[in-house]
Amino acid sequence: MSSRLFQGIINQMRDAVDRTIGVIDDQGNIVACSELNIIGEARKNVIVAGVFNAKQTCVDDYTYTVFESNVHPEFAVFVEGSDEMAHRYSQLIAVSLAQIKANNDEKFDCSNFVKNVILDNILPGDIYIKARELHFNNDATRVVFIVRTAANGEVSVFDIIQNFFPDKAKDFVISINETDIALIKEVRPNVDSKDLEKLARSICDTLLSEFYLNALIGIGTCVTGVKELANSFKEAQVALEVGKVFDTEKNIVSYENLGIARLIYQLPTTLCDMFLKEVFKKGSIEALDQETLFTIQKFFENNLNVSETSRKLFVHRNTLVYRLEKIKKLTGLDLREFDDAIVFKVALMVNKYLASSPVKY
């Protein structure tokens with residue numbers, strides 16, 4: 001692709017430049033030239049002279065200028081001559097080809113295409129057209145992970161994750177902002193959610209053990225088809241935000257496992273306020289002290305079992321019963337009754353949700 005692109009531009013420039021001009025790759029092979037008969041010729045002396053280690057070099061009466069900003073440039077322009085005019089021609093052609101190559105790479109870059117899809121920067125009708133143009137595998141099953149770390153100028157999380165998943169034809173690593181990296185991972189159909197969480201755990205553990213970075217990872221659902229990637233991306237975002245509200249002790253949150261928290265997160269705040277007022281008609285939830293809230297939490301964790309909860313709290317059974325009666329008196333809800341316990345559990349989550357003011361996507 002690059003060779004044809006370069007040759008097309010060189011052909012257009014041939015009449016404007018009264019010298020032999022062309023492009024050489026990092027192996028010393030001429031890949032495009034105004035003199036068609038020398039295309040494919042190898043110039044190993046150019047490599048020996050270190051042309052790709054400097055911005056501009058003169059070798060055997062030719063001026064060479066690399067035109068990529070990569071650490072290891074792949075191409076350089078050459079112009080016949082070593083005079084001032086050759087230097088200028090070489091620089092001008094290098095600037096032109098660098099911009100043209102950058103635009104072409106972006107146009108035919110699958111990572112850039114996937115980024116536009118998940119960020120809704122491409123019209124729905126254009127997605128499949130572009131996918132066919134890029135020969136993008138539309139039948140593969142993929143899932144989106146969002147890896148969130150604190151901004152750190154010393155360590156490139158993007159590079160680290162890209163090294164984890166080097167197969168750029170199947171897996172795409174995309175920088176969303178200074179804290180979030182999206183990993184679009186190709187997986188086998190019907191992959192188990194535990195396997196996805198295991199993969200996320202390995203990423204977290206590596207970042208922590210080798211780079212001392214704490215990471216949060218949100219996992220979307222597995223989807224088939226490029227258009228559905230945007231949904232998996234949004235689900236991974238929601239998983240992170242909901243986890244920040246309801247599962248603060250977890251650093252890996254899967255959208256599939258959010259349960260009732262996902263429903264609460266989608267409710268309007270006005271509806272949540274109305275619900276709390278209806279549930280706590282006798283008194284506000286703020287009237288419950290920290291000890292009482294901790295008792296409630298343990299009671300729920302032990303499946304409303306009074307004996308087991310009192311044992312875990314290291315209190316007498318009658319003490320726990322007294323506390324539950326106190327809660328009933330304050331709120332009108334008896335947590336020993338299943339229906340009341342459900343209402344109270346949801347009310348606690350709704351209250352936590354309102355207190356967090358989470359960001360919506």
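Quick note: structure is the one above.
Caption draft 1: Spatial organisation of helix α13 (residues 317-331). With 15 residues, α13 extends 21 Å from end C-alpha to end C-alpha; this agrees with the ideal 21 Å at 1.5 Å per step. For α13, the full list of buried residues reads Leu320, Arg323, Leu324, Ile327 and Thr331. On an axial view of α13, the arc spanned by its buried residues comes to 100°, and they lie on one face. Those residues of α13 that are exposed and angled more than 90 degrees off the buried face are Asn318, Tyr322 and Lys329. On its buried face, α13 sits against α10 (269-279), α11 (290-301), α12 (306-313) and α14 (338-356). One or two steps after α13, the chain reaches glycine 332, where phi turns positive at roughly 85°.

Caption draft 2: Main features of the sheet that holds strand β4 (residues 62-66). Read from one edge of the open sheet, five strands run β2-β1-β5-β4-β3, paired in antiparallel fashion. The open sheet has two free edges, formed respectively by β2 (30-33) and β3 (56-59), since each of these has just one partner strand. Direction aside, the axes of adjacent strands within the sheet are offset by 25° on average. Bridging between strand β1 (residues 21-25) and strand β5 (residues 75-80) involves five bridges; their strand directions are antiparallel.

Caption draft 3: Summary view of the packing of aromatic side chains. Overall, the coordinates contain ten aromatic pairs when judged by the stated rule. With a centroid separation of 5.9 Å and 45° between ring planes, the pair formed by tyrosine 64 and phenylalanine 78 is classed as tilted. Within this pair, whereas tyrosine 64 is found in strand β4, its partner phenylalanine 78 is found in strand β5, the two being separated by 14 residues in sequence. A single burial state applies to tyrosine 64 and to phenylalanine 78, both of which are buried. Centroid distance phenylalanine 280 to phenylalanine 344: 5.7 Å. Interplanar angle 85°. Geometry classified as edge-to-face. You can see phenylalanine 280 sitting in the loop between α10 and α11 and its partner phenylalanine 344 sitting in helix α14, a full 64 residues away along the chain. The class for phenylalanine 280 is buried, based on a relative accessible area of 7%. Of the residues examined, phenylalanine 344 reaches a relative accessible area of 0% and is grouped as buried.

What counts and how
- Residues numbered from 1 in each chain as written.
- Predicted model: local features only at pLDDT ≥ 70, side-chain atom pairs only at ≥ 80, totals over all residues.
- Heavy atoms only, no water.
- Helix = DSSP H or I, 4+ residues; strand = E, 2+ residues; numbered from the N terminus.
- Expected span 1.5 Å × (residues − 1).
- Buried < 20%, exposed > 50% of the residue type's maximum accessible area, 1.4 Å probe, protein only.
- Arc of directions from axis to C-beta.
- Contact = heavy atoms within 4.5 Å.
- Pairing = 2+ DSSP bridges.
- Axes fitted to C-alpha atoms, helices over the stretch in contact; angles between N-to-C directions.
- Phe/Tyr/Trp six-rings, centres within 6.5 Å; stacked < 30°, edge-to-face > 60°.

Interpretation note: all reported values are geometric properties and have no functional meaning in isolation.
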